[in-house]
Each structure stands twice: as C-alpha cells, then as structure tokens.
Amino acid sequence: MTKEEMYNDIRRWKKEKNAVILAHYYQNDDIQEIADYVGDSLALAQTAAKTNADIIVFCGVHFMAETAKILSPEKKVLLPNLNAGCIMADMINAERLKAYKEKNPDTIVMVYVNSTAEVKALSDICVTSSNALKIIDHYANLGRKMLYCPDQNLGKYAMDLKGYNFDVWPGFCRIHHNLDTTMVERMKKAHPNALFVAHPECQLPVLKMADYVGSTKQLIEYVTASDAKEFIVGTEQGVLYEMKKRNPNKTFIPLSKTLICGQMKMTTLKHLYECLKEEKNEIIVDEDTRIKAKNCLDKMLELS
C-alpha cells in the first residue's frame with residue numbers, strides 16, 4: 001500500500017472507532033504528519049484525557065502509553081509497537097527503588113516522567129524537563145533531602161545551576177549522554193552564526209556551552225521566537241520536523257548524526273496502520289499501581 005492509501009484508511013478508522021492518534025516529537029515524520037496531536041509525552045497524555053475519544057493510539061514508547069492509561073483509565077490505550085521502550089526508563093525498577101527508599105526513608109523521591117508506572121507509583125512526585133527546576137526549588141527551600149531519578153544529567157544540571165546538593169540516580173538517555181564538547185566546538189566553528197540549543201538530558205559540560213537549555217517543547221518555542229536564522233540542535237532529530245514546519249525560513253542542524261533514538265524510530269506507519277485496524281497492543285496498568293502513579297502526577301500538577 002502507498003502512504004496515502006494507509007493515511008486514508010487510518011483517517012476512516014479514526015472516525016469509525018472514535019480514536020485519537022498521539023505522536024511524540026521524536027517520531028518519524030510520516031507518523032507526526034498523520035497524528036491528531038504532536039508533543040511531549042505528558043502533554044499528549046493530558047490532551048488525550050480531555051478528549052471524548054474511546055481509543056488512544058500513542059505513537060511513542062511504552063512509558064508514554066502507560067502515562068496515558070494512568071490519566072485515562074476508561075479509554076483503550078494502544079501502543080503501535082510493543083517493542084518500543086526507553087533505555088533510561090529501564091535503568092531503574094521498582095525493586096531497586098524500594099531498596100533505596102528503605103535506606104533513605106526521609107528522602108523525597110522525585111521521578112522523571114521517563115519512567116514506568118511502577119516506579120511512578122513508588123515516587124513522591126513526578127517531574128518533566130520543563131518543570132523539574134521549579135519543583136526541585138520547592139523541596140530545596142523546604143530543606144528536604146531529595147533523590148532525582150532516573151536521569152542523572154538533568155539532576156546535575158539543576159545542582160550546578162542552583163547550588164543544591166542531592167542524590168541522583170545513575171541513569172541517562174543514551175543519545176543525549178553521548179554528546180560531548182568536542183562535537184559542539186566543531187559545529188560552532190562550522191556554523192559561527194548559529195545558536196546552540198540543547199536538552200537538559202545532555203551532560204553538564206555540553207549544557208554549559210548552550211545558548212538555551214530546555215525541554216523539547218521549550219526548544220521549539222525558543223527557536224520560533226528567536227530572531228536568529230540558524231540553530232544547532234542538541235536533541236533527537238525528530239524534533240526538526242516541527243521546527244521546520246513552524247519556521248520554514250530557518251535552518252536547523254543536528255549537533256550529531258547519532259541523535260536518533262532507535263526506540264522512538266521503531267514505530268512505523270505500518271505499525272500504526274495495523275494497530276488501529278486490529279485494535280491490538282493494548283496497554284494495561286493495574287488499578288492499585290495506576291492510582292498511586294496518578295497521585296505522583298497530581299502532586300506535580302499541584303506544585304507546577
């Protein structure tokens with residue numbers, strides 16, 4: 001089948017099944033093109049919860065679909081490719097977090113949205129890359145001991161920026177973590193008029209070289225509002241689709257050719273087509289875990 005033939009069937013099934021398609025910014029271009037909503041993982045799950053859709057098809061990775069199920073228990077949530085996971089989210093699990101909590105009972109466990117429902121259920125509060133600094137400020141001002149998990153880099157960035165000291169889990173996003181200052185120096189030399197923007201999942205030395213640090217959505221908004229015409233982008237290349245869409249007269253250059261998340265790119269248009277057609281790959285979260293994980297998310301919304 002051609003892409004347009006698949007698109008036509010997908011659009012028809014969406015109406016017949018009362019379904020909504022979500023796509024993360026890091027998805028393949030043809031997925032973003034057919035999606036009803038494109039965005040960061042939590043914002044997408046929140047948007048889907050507000051719709052009257054019966055089915056949510058989340059084009060992303062496993063923890064994202066879980067988050068959508070946490071917020072929309074009455075809806076059927078489907079993940080087009082069940083093999084699409086998150087290496088960072090897999091760097092922490094419920095057993096290891098329970099062991100940490102037993103040794104540190106007075107520590108606030110602050111969990112990044114890139115985590116499983118089970119880990120969220122064991123945590124005190126969830127954060128995103130756009131609100132983490134604000135929530136860290138809140139607990140630091142209360143004098144609380146904190147653990148930031150599972151992404152060590154955003155935690156270290158917050159400590160350097162704010163002068164705090166707290167525990168960080170040794171996890172990381174492989175594609176962001178592998179960027180280094182030599183890459184930045186080389187690209188800045190090749191593109192002297194370009195601004196360098198970076199995601200806080202990058203290591204601290206790289207972030208210190210950035211003209212702007214922010215979440216995926218914040219990076220898109222920054223380059224759109226900026227008067228600059230050229231940008232070196234330090235995050236997954238899928239974001240370039242939205243950046244170019246909003247700014248056709250600006251130039252966007254990935255910091256490295258390695259900035260491709262293989263897990264995100266696992267989801268193809270064929271996967272989406274078959275998933276919606278057969279209503280397969282449903283995501284289930286047991287009710288006890290869901291309620292505890294939702295409390296973790298609700299606490300974040302309360303403070304942010």
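That block above? That's the structure.
Residues numbered from 1 in each chain as written. Predicted model: local features only at pLDDT ≥ 70, side-chain atom pairs only at ≥ 80, totals over all residues. Heavy atoms only, no water.

1. Re the pattern of salt bridges
We count it as follows: Each reported salt bridge corresponds to a side-chain nitrogen of Lys or Arg within 4 Å of a carboxyl oxygen of Asp or Glu. Runs of E in the DSSP output that reach at least two residues are strands. Runs of H or I that reach at least four are helices, and both are numbered from the N terminus.
Counted by the stated rule, this structure contains 17 salt bridges. Where Lys17 meets Glu279, a salt bridge forms, and the shortest distance between an N and an O atom there is 2.9 Å. With Lys17 in helix 1 (residues 3-17) and Glu279 in the loop between helix 14 (269-278) and helix 15 (287-303), the pair connects residues that are 262 residues apart, well separated along the chain. What emerges from the salt-bridge pattern is a single network uniting Asp9, Arg12 and Glu16.

2. Focus: the sheet that holds strand 12 (residues 251-254)
Rule in force here: Paired strands are those between which DSSP finds at least two bridges.
The four strands lie next to each other as 10-9-11-12, forming an open sheet whose pairing is parallel. Lying at the two open borders of the sheet, with one neighbouring strand each, are strand 10 (212-213) and strand 12.

3. Digging into the nonpolar core
We apply this condition: The set of buried Ala, Val, Leu, Ile, Met, Phe, Trp, Tyr and Cys residues whose side-chain atoms join them within 4.5 Å is what this entry labels a nonpolar core. Note on exposure labels: buried denotes an accessible area under 20% of the residue type's maximum, exposed denotes more than 50%, and partly exposed covers the range between, all computed with a 1.4 Å probe on protein chains only. A contact between two residues is defined here by any heavy atoms of the two lying within 4.5 Å.
Counting residues in each nonpolar core, the largest one holds 93 residues, and the members touching the most others are Met110, Tyr148, Met243 and Leu255. Ranked by residues supplied to this core, first place goes to helix 4 (residues 62-71) with six residues. Leaving out residues up to four positions away in the same chain, Tyr148 has contacts with Met110, Tyr112, Val127, Ala132, Ile136, Leu154, Gly155, Phe166, Asp167, Val168 and Trp169. Core analysis: the next-biggest nonpolar cluster, separate from the first, contains 19 residues, Met6, Ala19, Ile31 and Leu78 among them.

4. With respect to the sheet that holds strand 3 (residues 55-59)
For clarity, the threshold we go by: Here an axis means a line fitted to C-alpha atoms, over the contact stretch when the element is a helix, while the angle between two N-to-C directions is reported on a 0 to 180 degree scale.
One open sheet holds the four strands; their spatial order is 2-1-3-4, and the pairing between them is parallel. Each edge of the open sheet carries a strand with a single partner, namely strand 2 (37-39) and strand 4 (76-78). Between one strand axis and the next, the sheet turns by 20° as a mean value, whatever way the strands run. Summarising the sheet, strand 1 (residues 19-24) and strand 2 pair through three bridges and their orientation is parallel. Across the sheet, the residue bridging to Ala23 is Val38, located in strand 2. Relative to strand 3, helix 14 is tilted by about 165°, and along the sheet it contacts strand 1, strand 3 and strand 4.

5. Thoughts on the layout of surface pockets
Note the threshold: The method works on a 1 Å grid over the protein atoms by themselves. A cavity is a set of points holding a 1.4 Å probe that cannot get out, a pocket is an open set with protein on both sides within 12 Å along at least five of seven lines, and residues with an atom within 4 Å of a point line them. Grid points are joined across faces, edges and corners, and a volume is the space filled by probe spheres set on the points. Throughout this entry, Asp, Glu, Lys and Arg are counted as charged residues, while Ala, Val, Leu, Ile, Met, Phe, Trp, Tyr, Cys and Pro are counted as nonpolar. The remaining residues, Gly among them, count as polar.
Put simply, the largest pocket is a space of about 680 Å³. Along the wall of the largest pocket there are 40 residues; nearest its centre are His24, Ser41, Tyr112, Asn114 and Glu201. Among the elements of the structure, helix 3 (41-50), helix 4, helix 9 (174-177), helix 12 (216-225) and helix 15 are those that each provide at least two residues to the lining of the largest pocket. When its residues are assigned to classes, the lining of the largest pocket shows 18 nonpolar, 17 polar and five charged.

6. As for the packing of helix 1 against helix 14
To keep things clear, this is the line we draw: Roughly parallel here means an angle under 35 degrees, roughly antiparallel means over 145, roughly perpendicular means 65 to 115, and every remaining angle is called oblique. Crossing chirality is assigned from the near helix's rotation relative to the far helix, an anticlockwise turn below a right angle marking it left-handed and a clockwise turn marking it right-handed.
For the pair helix 1 and helix 14, the least separation of the axes is 10 Å and the interaxial angle reads 30°. Judged by the angle between their axes, helix 1 and helix 14 are roughly parallel. Between helix 1 and helix 14 lies a crossing of left-handed hand. Counting all contacts with helix 1, which are made through Lys3, Met6, Tyr7, Asp9, Ile10, Trp13, Lys14 and Lys17, the residues of helix 14 involved are Leu269, Lys270, Leu272, Tyr273, Leu276 and Lys277. By residue class, the composition of the contact of helix 1 with helix 14 is eight nonpolar, no polar and six charged.

7. Description of the pairing of strand 1
Counting buried positions along strand 1 yields six of six residues, so the element is predominantly enclosed. Of the two faces of strand 1, the one lined by Ala19, Ile21 and Ala23 and the one lined by Val20, Leu22 and His24 are each fully buried. Across five bridges, the pairing between strand 1 and strand 3 is parallel. Counted as the bridge partner of Ile21 is Val57 from strand 3.

Taken by themselves, the reported measurements are silent on function.
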